[in-house]
Structure formats: C-alpha cells, structure tokens
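Coordinates in review
Each chain, letter by letter, is given below.
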Amino acid sequence: LNLPKLKFLHLYSNKISEFKNCDFPLLEELRISDNYLTSIEDFKSKNLKILHANNNVIRDVHPILENLEHMSLKNNLLTNNSFFPKGNKLKIIDLSYNKFIGFSDEKFKSVMLRQLYLQNNEISIIELTKLNYGSVNLSHNKIDTIDNILVLFKNNVQINNLNLSYNDLKIMTN
C-alpha cells in the first residue's frame with residue numbers, strides 16, 4: 001500500500017493482524033487500536049509522531065521511529081521493555097494494562113519522556129534512573145515494600161506526580 005500524501009490514518013476496530021510493508025512517507029499519526037496485531041514493525045514514515053495501538057494482542061515491538069512523541073500500547077500482552085524508539089523525542093508512553101512484572105527506564109535515558117503510564121500491570125520492582133518526569137503512574141500493581149520503590153529516588157530522580165495507589169504497600173518510612 002502506497003499513499004505518499006497521507007498524514008493521518010485511523011484504523012480502529014477492524015480485524016487487522018499485520019501492518020507491514022506500507023509506505024506512508026508523510027504519516028504523522030497512526031491509530032490502529034482494537035485490532036488483532038501481534039507485533040509492531042518499524043514503519044516507513046520518518047514523520048510518525050503519534051502511535052496508538054491499544055487493545056490488540058501485541059507481544060513484540062520492533063524498533064520504533066525516531067520522531068515518535070506519543071506511544072500508547074495499553075492493554076496488550078507486553079512483558080518487557082526491551083524495545084525503545086531510536087530517537088529521543090518521545091514525551092508520553094502508555095504501557096498500562098500489560099503483563100510487566102518489573103520495569104527499568106535504562107533505555108530511556110536520552111529521551112525527553114514526561115509521562116510514563118504503567119498502571120494495572122504485575123510490577124513488583126521498578127527502577128527509574130532518568131532524572132526528570134512530570135508524571136509516573138504505578139497504581140494497581142504489586143509493589144509491596146518501600147524498598148521496591150526506593151530506587152525511584154536514586155540519582156535525584158525528580159517526579160512531580162507519583163501514583164502508587166492500589167498496590168500492596170504496608171509500611172512507608174524514610
């Protein structure tokens with residue numbers, strides 16, 4: 001499929017299981033939620049800024065393009081964040097309602113990430129080393145001890161809004 005002038009493509013609620021070999025050089029926004037995708041392949045648009053692929057069955061994400069600013073992959077079957085965009089423009093990432101048991105932002109160090117959504121996973125250990133976040137949502141996970149979130153504050157990590165609601169925390173101490 002070749003649509004050289006296409007900028008916005010919305011493919012909500014279809015039965016798409018594969019999306020590859022599509023050439024959209026000017027595509028800025030792809031919304032392909034509520035389908036049957038099992039993986040995200042590298043797109044041929046260097047202009048892609050917004051990717052929403054929520055409510056699929058994605059288990060694997062191949063490298064994403066360098067100009068991506070907002071990526072939402074919520075309610076899929078992701079278990080790790082070994083993938084990450086090639087560039088450093090990503091500001092919002094939503095990985096909520098997946099299957100993560102732990103999470104590290106090690107691959108995000110060069111990214112301008114401001115909002116990180118990880119609620120409703122199975123996370124018990126989190127490691128954030130990037131220095132500045134506007135908002136981090138870790139609600140509805142399995143964090144049970146303050147020791148598992150102390151790593152949040154190593155290296156002077158700055159978080160303006162931290163949501164730890166609906167975890168298994170029992171004692172909060174300094």
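Below you will find a few notes about this structure. Quick caveat: nothing in here was measured; it's all calculated off a predicted structure. (Residues numbered from 1 in each chain as written. Predicted model: local features only at pLDDT ≥ 70, side-chain atom pairs only at ≥ 80, totals over all residues. Heavy atoms only, no water.)

It is characteristic of soluble globular proteins that their nonpolar side chains tend to be buried jointly. In this structure, Phe19, Leu30, Leu73, Leu95, Phe103 and Leu116 are the most contacted members of the largest nonpolar core, which totals 41 residues. Sequence-distant contacts of Leu116, defined by excluding residues within four places in its chain, comprise Ile93, Phe103, Phe108, Leu128, Tyr133, Ser135, Val136 and Asn137. (Core = buried A, V, L, I, M, F, W, Y, C linked by side-chain atoms within 4.5 Å. Buried < 20%, exposed > 50% of the residue type's maximum accessible area, 1.4 Å probe, protein only. Contact = heavy atoms within 4.5 Å.)

Before going further, it helps to examine the environment of Ile32. Tracing the chain through its elements places Ile32 in the loop between β2 (29-31) and β3 (39-40). For the pair Ile32 and Leu51, spaced 19 residues apart in sequence, the C-alpha separation works out to 7.9 Å. Not counting the four nearest positions on each side in its chain, Ile32 is found in contact with Leu11, Ile16, Phe19, Leu37, His52, Ala53 and Asn56. (Helix = DSSP H or I, 4+ residues; strand = E, 2+ residues; numbered from the N terminus.)

Another point: the environment of Asn75. Topologically, Asn75 is positioned in the loop between β6 (70-72) and β7 (92-94). With 45 residues separating them along the chain, Asn75 and Asn120 place their C-alpha atoms 9.2 Å apart. The contacts of Asn75, once residues within four sequence positions are left out, are Asn55, Asn56, Ser96, Tyr97 and Asn98. Reaching out from Asn75, the side chain makes a polar contact with the side chain of Asn55 at a distance of 2.7 Å. (Polar contact = N/O pair within 3.5 Å; in protein donor to acceptor, adjacent residues only side chain to side chain.)

This part takes up the side chain of Asn54. Positionally, Asn54 belongs in the loop between β4 (50-52) and β5 (60-61). Within polar-contact distance, the side chain of Asn54 engages the side chain of Ser72 at 2.7 Å. Beyond its immediate sequence surroundings of up to four residues, Asn54 is in contact with Ser33, Asp34, Ser72, Leu73, Lys74 and Asn76.

Scanning all chains against the criterion turns up three salt bridges. Here Glu29 ties to Arg31 by a salt bridge, and the two come within 2.6 Å at their closest N and O atoms. The class for Glu29 is buried, based on a relative accessible area of 12%. What makes Arg31 buried here is its relative accessible area of 17%. Measuring nitrogen to oxygen at the nearest pair gives 3.5 Å for the salt bridge that ties Lys142 to Glu122. Here Lys142, found in the loop between β11 (132-137) and α1 (147-150), pairs with Glu122, found in the loop between β9 (115-117) and β10 (125-127); they are 20 residues apart in sequence, far enough to count as distant. (Salt bridge = Lys/Arg side-chain N within 4 Å of Asp/Glu carboxyl O.)

So yeah, pure geometry; function would need other evidence.
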